[in-house]
Amino acid sequence: MALPPFAHSQALSLGVELELQLVNTVDFDLTSGANDLLELVSRKPFPGTVTPEMTQSMIEIATGIHTRHAGVLGELQAMRDTLVTACERLNIDLCGGGTHPFQRWSDQRVFSKPRFEQISQLYGYLAKQFTVFGQHVHVGCASGDDALFRPALERVRATAAEVDVQSVAGLDQRVAHATQLGEQRGVAGLDGGCDLDHALRHLGRDGAGERFAREQFQQVVGGRREIEVHGADELQFEFNAERQRIRFAEGLQRHVRSPRGGLHPPTAARAA
Amino acid sequence: MPQMTADLLTPVVAWPLMLLAAWLAGEWLARRWHAPRVCAYGVVGLALSGLGLSQGVAAHAALGLLANMALALTLFELGYRINPRWLLRNPWLLVAGVAQGALTFAAVLWIGGQFGLALDQRLVLASLCVATSPAAVMRVTHELRSAGQVTERLLHLCALNCLLAVLLFKGVVGYWHLQTSGDVGKAAFNSVYVIVLSGVAGAALGVVAPALNRLATSSQSTTVTFAMCVLLLTGISQSLQLSPLLAALAFGAVARERRIMLSHAQRNFGVLGDVLSAFLFVFIGSLLSWSGLLGSLLLGAAVLAARSSVHTLVNLGIARVSGTTFRKGALTGMALMPMSAFAVLLLEESRLYGFALARDSLPVIVGLLVLLEVIAPWVTQRALLWAGEAQPEDA
């Protein structure tokens, strides 16, 4: 199924959605007051958006799109003040964030709206049980690539950082007795990973750096693939328990960390 | 065999038997007809009266004390639910409470005159009709686990109505003493003294109870501590000829301000509250004599209609300005119908303190009390359901 077109947003614009708890003033348990509160606040213009949520003890407020922190904060404060004033007329209190510590989920009532009733029918009691009150901070991205590329590269960087160490550890053993494996190829992959990490730090500001990072990304992936293929080939020739044991011991001897941290450069060693 | 049957039907056996029957009838009514259980309790009490098994029950001091304790527990919890700050932030509720009290008093006073009642009986009837019974209201809201504006306003206006009813009734008692004996001191004792000291006694216990509660080691102990305090307060109030109902209301209101939390599981005092509620409604029903019932039904219907109309119109009038819808305002008025338990106990308590008119007033209003005992809890339940403040399957 094709994705719909990405909605363009001004880069780094901000919007906040916040789900709030409605509690009674007796023991601060959740109370079904959304209908009454929404009806009351609808009588006058509301500074933002307020909508019902899954149960009658929840409401959601949302700011408009802002480019400055002060704008978001100001709108949130105005919404809070309006809601608190309305709640005071209804003998309800407002509470924010997370989950309610002692609510009885079976007492919660689903808000009468087709979407919520559909969810309730689909998921049964789970819809009431997972009553959470979250906050979403939306940050605008100019294009779909920006929205997707950053998280993927972040993940690659994290993954590459882990694979760096693992690859060196595995590489050390494999290079010692894998004459086909080009040492330069492995080092290039490691170097590419390090460069990628450096490049991603400057990704937000450097288009050239983005291109470089893209190239390094491809190199690391390619390098890893090649390393693993050779490793697998090597292991197939080493399918001998005694030889595995000796090989493992030699690998341990070679893996001595330097006083300054890091690993000794791989040394050539003859496989047993 | 007949002798054995007669021996078995003593109050010691008859009462527990009728309580069990009332409980089972209530469960059947709730399951079969989705009606409030308290309707069945009242009917069983009426049956007890009709079968002649409640003769002399009013003379049993222990039963009367137990009934007062049962209602005091409810009034304590009602006082605990009341948020006085809300009444200040939303003063229209106070306006509604005073307005409906005044209009109800005036309307019933006038209707009593149309039915040829004496002035003092009309005054008694009018002051009692200002009340809304917290026993039925609390049980119905608890059964439905209702929440929303109708529920909140119902509870707060119920408390206001009870307070006004006690003030007016004690004023009528004082006036009666003044008219019959000319004793100003006695009149003041039975009005001002009772009101002020009852409030002070309840408030004092509300201040002391948290200190006692610190000795409690679990949340269940908290419930027991407060229940024991309510029982103690009822006993003290009765001994000093104070109003245990007013004292319990004050106790609950002050305990709330001291922020002693009662958990959801402890509402209505759990099993203790269930048993005592059943007893209370059976007791109230047993006090209502069948003789004169038919004759007073017409008066009862007229007063019921006047009361309901006043409640509905006043709450409809202040609905929009007080922050709710006209529909919910009207339903709030409808839900304020119950009256019997509070009125009967208030009358019974004053009779014990020497208010002779109480004995003569009960037969006059028995028709109204029977009507309200049976149908009023059901009307309250319907109002809450129509307001969307309870799930239909909870009914």
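Above: the structure in question.
Residues numbered from 1 in each chain as written. Chains lettered and ligands numbered in written order. Predicted model: local features only at pLDDT ≥ 70, side-chain atom pairs only at ≥ 80, totals over all residues. Heavy atoms only, no water.

Undergrad: I tried to follow the packing of helix α9 (residues 149-181) of chain B against helix α15 (residues 326-335) of chain B on my own but got confused; where do I start?
TA: Residue and element names in this part refer to chain B. Axis separation between α9 and α15 bottoms out at 9 Å; the angle between their running directions is 45°. By the angle class used here, α9 and α15 are oblique. Here α9 runs over α15; the crossing is right-handed. Contacts from Q149, V150, R153, L154 and L157 in α9 reach K328, L331, T332 and A335 in α15. For the contact of α9 with α15, the class distribution of residues is five nonpolar, two polar and two charged. (Axes fitted to C-alpha atoms, helices over the stretch in contact; angles between N-to-C directions. Helix = DSSP H or I, 4+ residues; strand = E, 2+ residues; numbered from the N terminus. Parallel < 35°, antiparallel > 145°, perpendicular 65-115°, else oblique. Left-handed = near helix turned anticlockwise from the far one by under 90°. Contact = heavy atoms within 4.5 Å. Nonpolar A, V, L, I, M, F, W, Y, C, P; charged D, E, K, R; others polar.)

Undergrad: Looking at this model, I keep getting lost on unusual backbone geometry. Mind explaining?
TA: The bulk of non-glycine residues show a negative phi, and the bulk of peptide bonds are trans. Despite not being glycine, F28 of chain A has its phi angle at roughly 65°, a positive value. Note that F28 of chain A resides in the loop between β1 (14-24) and α1 (34-41). The partly exposed category is assigned to F28 of chain A, whose relative accessible area is 31%. If you check the backbone angles, H34 of chain B has positive phi at about 55° while not being a glycine. Among the structural elements, H34 of chain B can be located in the loop between α2 (11-33) and α3 (37-50). Look at H34 of chain B and you get partly exposed, because its relative accessible area is 40%. (Buried < 20%, exposed > 50% of the residue type's maximum accessible area, 1.4 Å probe, protein only.)

Undergrad: Teacher, can you tell me more about the side chain of E77 of chain B here?
TA: Within the secondary structure, E77 of chain B is located in helix α4 (residues 61-81). The exposure class assigned to E77 of chain B is buried, which follows from its relative accessible area of 5%.

Undergrad: Help me understand the packing of aromatic side chains, please; the structure alone is not making it clear to me.
TA: The geometry of two aromatic rings is summed up by the distance between their centres and the angle between their planes. Residues and elements named next belong to chain B. The final tally for this structure, using the stated rule, is twelve aromatic pairs over all chains. Plain terms: the ring middles of F169 and F355 are 5.8 Å apart, the flat faces sit at 90° to each other, and that makes the pair edge-to-face. One end of the pair, F169, is in helix α9; the other, F355, is in the loop between α16 (340-352) and α17 (357-386), and 186 residues separate them in sequence. Neither F169 nor F355 differs from the other in exposure class; each is buried. Where F279 meets F283, the ring centres are 5.7 Å apart and the plane angle is 25°; that geometry is what we call stacked. Of this pair, F279 and F283 both sit in helix α13 (residues 270-287), four residues apart, which is roughly one turn of the helix. As far as burial versus exposure is concerned, F279 and F283 are alike and both buried. (Phe/Tyr/Trp six-rings, centres within 6.5 Å; stacked < 30°, edge-to-face > 60°.)

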